[in-house]
Amino acid sequence: MAAHNHKIGCSFETGHGIVVEESGSQKQVGNLPKESGAISSGSYSYTNPDGSVITVHWVADENGFKASGDHLPTPPPAG
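Residues numbered from 1 in each chain as written. Predicted model: local features only at pLDDT ≥ 70, side-chain atom pairs only at ≥ 80, totals over all residues. Heavy atoms only, no water.

Peer 1: I would appreciate a short explanation of the side chain of S45 in the present structure.
Peer 2: The topology assignment puts S45 in strand β3 (residues 36–47). With a relative accessible area of 16%, S45 lands in the buried category. A distance of 2.8 Å separates the side chain of S45 from the side chain of T55, its partner in a polar contact. Sequence-distant contacts of S45, defined by excluding residues within four places in its chain, comprise G17, I18, V19, V53, I54 and T55. (Helix = DSSP H or I, 4+ residues; strand = E, 2+ residues; numbered from the N terminus. Buried < 20%, exposed > 50% of the residue type's maximum accessible area, 1.4 Å probe, protein only. Polar contact = N/O pair within 3.5 Å; in protein donor to acceptor, adjacent residues only side chain to side chain. Contact = heavy atoms within 4.5 Å.)

So this is what it looks like as structure tokens:
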């Protein structure tokens, strides 16, 4: 399996206070070159009209897209 060291990243803030950060890289998940893809993670934040800051952290990889944040609902504990 060949190693890939291709990395990407960016961050910016808008004039309205939205903050975005992202980083990622190529990842080979199998034995063939065609079995590779991008994995990335990041976050974005903005201020709600009530003044509270909303932040979402996310990961996108071979397992899908997963987002988390204090304002997002979570499933009840398994019982």
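Peer 1: What is the right way to read the pattern of salt bridges from this model?
Peer 2: Once the charged atoms of two side chains with opposite charge are near each other, the side chains can pair. Counted by the stated rule, this structure contains 2 salt bridges. Between E62 and K27 there is a salt bridge; the shortest N-O distance is 2.8 Å. In this pair, E62 sits in the loop between β4 (53–61) and β5 (64–68) while K27 sits in strand β2 (residues 19–28), placing the two residues 35 residues apart along the sequence. The class for E62 is partly exposed, based on a relative accessible area of 44%. (Salt bridge = Lys/Arg side-chain N within 4 Å of Asp/Glu carboxyl O.)

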